Amino acid sequence: MGIGLARAGWRVRVLGAWRVPASGPVILAANHANLVDGPLLMGMSPRPTHFLVKEEMFTGPVGAVLRGVGQIPVRRASADRTAITTALQVLADGGVLGVFPEGTRGDADFAQVQGGLAYLALRSGAPVVPVAVLGTGDRGRTLGALPPLRGRIDVVFGDPFDASDGSRLRTRRAMLEASERLQTRLAGHLAQARELTGR
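This structure is a prediction, so every number in the text was calculated from the model and none was measured.

### Thoughts on the overall build of the protein
What the protein contains, in helices and strands, is six helices and seven strands. Going from the N terminus to the C terminus, the protein shows its helices and strands as α-β-β-α-β-α-β-α-β-α-β-β-α. Burial statistics for the protein: of 199 residues in total, 45% are counted as buried. Restricting the contact set of the protein to residue pairs at least 6 apart, pairs at least 24 apart contribute 75%. Of the roughly 10000 Å² that the protein leaves accessible, carbon and sulfur atoms contribute 54%.

Here you go:
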């Protein structure tokens, strides 16, 4: 689905996909500027990926497709225990979980990282692979507007890293510190991706 969408509408360049571990649990943490980011990453990831998707998307034919390809509905208004349990099971089974740690579409600059990513990373012990999606949410366009057809989109995968400090503690302080480390690494990857792609 994602590959067909991307190839039909845009010129997509994927860089660093080899950095995603070929096996074992992995969390892909991507910036999020546009509605197409999720389907695009589902298609461009080198491994099948289960994304946490807002529950409002799971209606009608779109909802049926999302469920059919293993995506996970999540309530954003409060801690969704069902979604968290399902996400942790994906990782326990050695799968790939996709997360937009900013929580919603916006400037896609990792300026704010929600605590859910830190919780999932520390609880599962899975490495986090930062992903920069560039070209879907250029400044000056209306939020949610589709990228220009046949425009270039870059998907840049970074090096996997461990979000913990080695202690494996899951206290509130440990979660806060992990969130800060994640925000620094994700923002750093985004800056490197922009330099690499000239965007």
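### Describing the sheet that holds strand S7 (residues 152–157)
Taken together, seven strands build an open sheet; the order of strands is S1-S7-S6-S2-S5-S3-S4 and the sheet is mixed. Where the open sheet ends on each side, the last strands, each with one partner, are strand S1 (11–15) and strand S4 (72–74). Across the sheet, the axes of successive neighbouring strands diverge by a mean angle of 25°, strand direction being ignored. Alignment of strand S6 (residues 128–134) against S7, held across four bridges, turns out to be antiparallel. Bridging from a neighbouring strand, Val131 pairs with Phe157 of S7. Packed on one face of the sheet, helix H5 (residues 115–124) meets strand S2 (26–30), strand S3 (49–54), strand S5 (96–99) and S6 and runs near 165° to S2.

### Focus: helix H2 (residues 37–44)
Most of H2 sits out of view: seven of its eight residues are buried. When we look at burial in H2, the residues that qualify are Asp37, Gly38, Leu40, Leu41, Met42, Gly43 and Met44.

### Side note on helix H6 (residues 172–197)
With 26 residues, H6 ought to run about 38 Å at 1.5 Å a step, and its terminal C-alpha atoms sit 37 Å apart, in line with that. Inspection of H6 places Ala174, Met175, Ala178, Ser179, Leu182, Leu186, His189, Leu190, Ala193 and Thr197 among the buried residues, and these make up the whole buried set. The inward-facing, buried residues of H6 abut S1, S2, H5, S6 and S7. In the stretch just after H6, Gly198 is the one whose phi turns positive, near 70°.

### A word on the confidence of the model for the protein
Taken as a whole, the protein shows an average pLDDT of 83; of its residues, 85% reach a score of 70 or greater. Per-element confidence in the protein ranges from a low mean pLDDT of 58 for helix H1 (residues 2–9) to a high of 95 for S2.

### What about the packing of aromatic side chains?
Here a ring pair, both rings aromatic, is described through the centre-centre distance and the interplanar angle of the planes. Within the structure shown, the criterion is met by one aromatic pair. The positively charged end of Arg185 is found above the aromatic ring belonging to Phe161, 4.2 Å away from the centroid.

### Looking at the pairing of S7
For S7, a buried count of five out of six residues is recorded, marking the element as mostly surrounded by other parts of the structure. Here S1 pairs with S7 via five bridges, running parallel. Note that in S7 the partner of Arg11 across the bridge is Arg152.

### Examining the packing of H5 against H6
Put simply, H5 and H6 touch, their axes get as near as 8 Å, and they point 105° apart. The orientation of H5 relative to H6 falls into the category roughly perpendicular. From H5, Gly115, Leu117, Ala118, Tyr119 and Leu122 reach across to H6, where they touch Ala174, Met175, Ala178, Ser179, Leu182 and Leu186.

Cut-offs and rules
- Residues numbered from 1 in each chain as written.
- Predicted model: local features only at pLDDT ≥ 70, side-chain atom pairs only at ≥ 80, totals over all residues.
- Heavy atoms only, no water.
- Helix = DSSP H or I, 4+ residues; strand = E, 2+ residues; numbered from the N terminus.
- Buried < 20%, exposed > 50% of the residue type's maximum accessible area, 1.4 Å probe, protein only.
- Contact = heavy atoms within 4.5 Å.
- Areas by Shrake-Rupley, 256 points an atom, 1.4 Å probe, with all protein chains shown as cover.
- Pairing = 2+ DSSP bridges.
- Axes fitted to C-alpha atoms, helices over the stretch in contact; angles between N-to-C directions.
- Expected span 1.5 Å × (residues − 1).
- pLDDT = per-residue confidence, 0-100.
- Phe/Tyr/Trp six-rings, centres within 6.5 Å; stacked < 30°, edge-to-face > 60°.
- Lys NZ or Arg CZ within 6 Å of the ring centre and 35° of its normal.
- Parallel < 35°, antiparallel > 145°, perpendicular 65-115°, else oblique.

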